[in-house]
Amino acid sequence: MNKTVPELANRWLRRNPENLSELERRVLQSTVDRKPISQDINDSLAGFQGAGDRIADAIARIGGSWTFILSFIAFLILWIGANWWLLGQDSFDPFPFIFLNLVLSMIAALQAPVIMMSQNRQAARDRIDAAHDYEVNLKAEIEIMALHEKLDELRHSQIIGMRDEIAQIADQLKRIDERLAPQTQPS
């Protein structure tokens with residue numbers, strides 16, 4: 001097996017080493033060094049997560065759940081019921097429910113950007129995951145090609161060994177045939 005990154009690049013990726021991306025170069029180097037390339041992305045990204053990121057993720061997780069939706073529907077029903085039926089004329093938010101609309105608008109105004117921040121972070125994380133998946137897949141392909149090459153070499157050496165054995169057996173048969181030939185000729 002070849003032992004340098006340029007040789008592997010030419011052999012398996014069919015590219016000049018100068019045209020390799022940093023990712024491809026790293027994969028080939030890990031192949032030369034016989035080191036694994038896979039890693040737990042969650043561990044490496046956990047250190048970069050600040051308090052704001054954790055809060056945004058928690059709000060997105062809660063705000064995008066059925067529990068939140070159902071509890072908010074229950075809150076709206078209680079609000080409307082309390083202002084319409086229970087309090088009657090003395091309600092603090094009469095029928096068009098202007099205060100309720102203000103509360104809902106404020107919640108939406110705050111919740112939407114926080115959820116978008118969380119989604120943007122998730123999209124960035126997905127891009128990192130995709131790049132890592134490509135890296136691992138490329139390494140797996142290269143290792144499979146190396147195994148195929150080794151198997152082909154093994155098969156080739158076995159075929160050559162069998163050919164040599166067949167040639168030896170043919171020589172032995174020829175000698176046996178030559179020794180038996182004078183005995184079988186009529187005298």
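Scroll up to find the structure.
Residues numbered from 1 in each chain as written. Predicted model: local features only at pLDDT ≥ 70, side-chain atom pairs only at ≥ 80, totals over all residues. Heavy atoms only, no water.

Caption draft 1: How the structure looks around helix H5 (residues 66-86). When the terminal C-alpha atoms of H5 are compared, their 28 Å separation across 21 residues agrees well with the 30 Å that a helix rising 1.5 Å per residue should span. All buried positions along H5 are accounted for by Phe 72, Trp 79, Gly 81 and Asn 83. Phi turns positive one or two residues past the end of H5, at Gly 88, with a value near 60 degrees. (Helix = DSSP H or I, 4+ residues; strand = E, 2+ residues; numbered from the N terminus. Expected span 1.5 Å × (residues − 1). Buried < 20%, exposed > 50% of the residue type's maximum accessible area, 1.4 Å probe, protein only.)

Caption draft 2: Broad picture of the packing of helix H1 (residues 5-13) against helix H2 (residues 22-33). H2 packs onto H1 with a crossing angle of 105 degrees between their chain directions and a minimal axis gap of 9 Å. Put simply, H1 runs roughly perpendicular to H2. Judged by residue contacts, Val 5, Leu 8, Ala 9, Trp 12 and Leu 13 of H1 engage Glu 24, Arg 25, Leu 28, Gln 29, Thr 31 and Val 32 from H2. Here the contact of H1 with H2 is built from residues that sort into seven nonpolar, two polar and two charged. (Axes fitted to C-alpha atoms, helices over the stretch in contact; angles between N-to-C directions. Parallel < 35°, antiparallel > 145°, perpendicular 65-115°, else oblique. Contact = heavy atoms within 4.5 Å. Nonpolar A, V, L, I, M, F, W, Y, C, P; charged D, E, K, R; others polar.)

Caption draft 3: Just the side chain of Glu 135, in detail. Positionally, Glu 135 belongs in helix H6 (residues 98-184). Only 2.6 Å separates the side chain of Glu 135 from the side chain of Arg 26, close enough to count as a polar contact. Setting aside residues no more than four positions away along its own chain, Glu 135 makes contact with Leu 23, Arg 26, Val 27 and Ile 37. (Polar contact = N/O pair within 3.5 Å; in protein donor to acceptor, adjacent residues only side chain to side chain.)

Caption draft 4: Region of interest: the packing of aromatic side chains. Counting across every chain of the model gives seven aromatic pairs. Judged by centre distance (5.4 Å) and plane angle (80 degrees), the rings of Trp 79 and Phe 92 are edge-to-face. Residue Trp 79 is located in helix H5, and its partner Phe 92 is located in the loop between H5 and H6; the two are separated by 13 residues in the primary sequence. Aromatic pair Trp 79 and Phe 99: ring centres 5.7 Å apart, planes at 25 degrees, arrangement stacked. (Phe/Tyr/Trp six-rings, centres within 6.5 Å; stacked < 30°, edge-to-face > 60°.)

Caption draft 5: Seen up close, the pattern of salt bridges. Summed over all chains, the structure comprises eight salt bridges. Where Glu 135 meets Arg 26, a salt bridge forms, and the shortest distance between an N and an O atom there is 2.6 Å. A residue pair is termed long-range when its members are at least 10 positions apart, and Glu 135 in helix H6 and Arg 26 in helix H2 qualify at 109 residues. The salt bridge partner of Glu 143 is Arg 34, with a shortest N-O separation of 3.5 Å. (Salt bridge = Lys/Arg side-chain N within 4 Å of Asp/Glu carboxyl O.)

Caption draft 6: Representation of the environment of Leu 28. With respect to the helices, strands and loops of the structure, Leu 28 is situated in helix H2. Residue class for Leu 28 comes out buried when judged on its relative accessible area of 0%. Separated by 152 residues in the primary sequence, Leu 28 and Leu 180 place their C-alpha atoms 61 Å from one another. Ignoring anything within four residues of it in the chain, the contact list for Leu 28 reads Val 5, Leu 8, Ala 9, Leu 13, Leu 20 and Ile 142.

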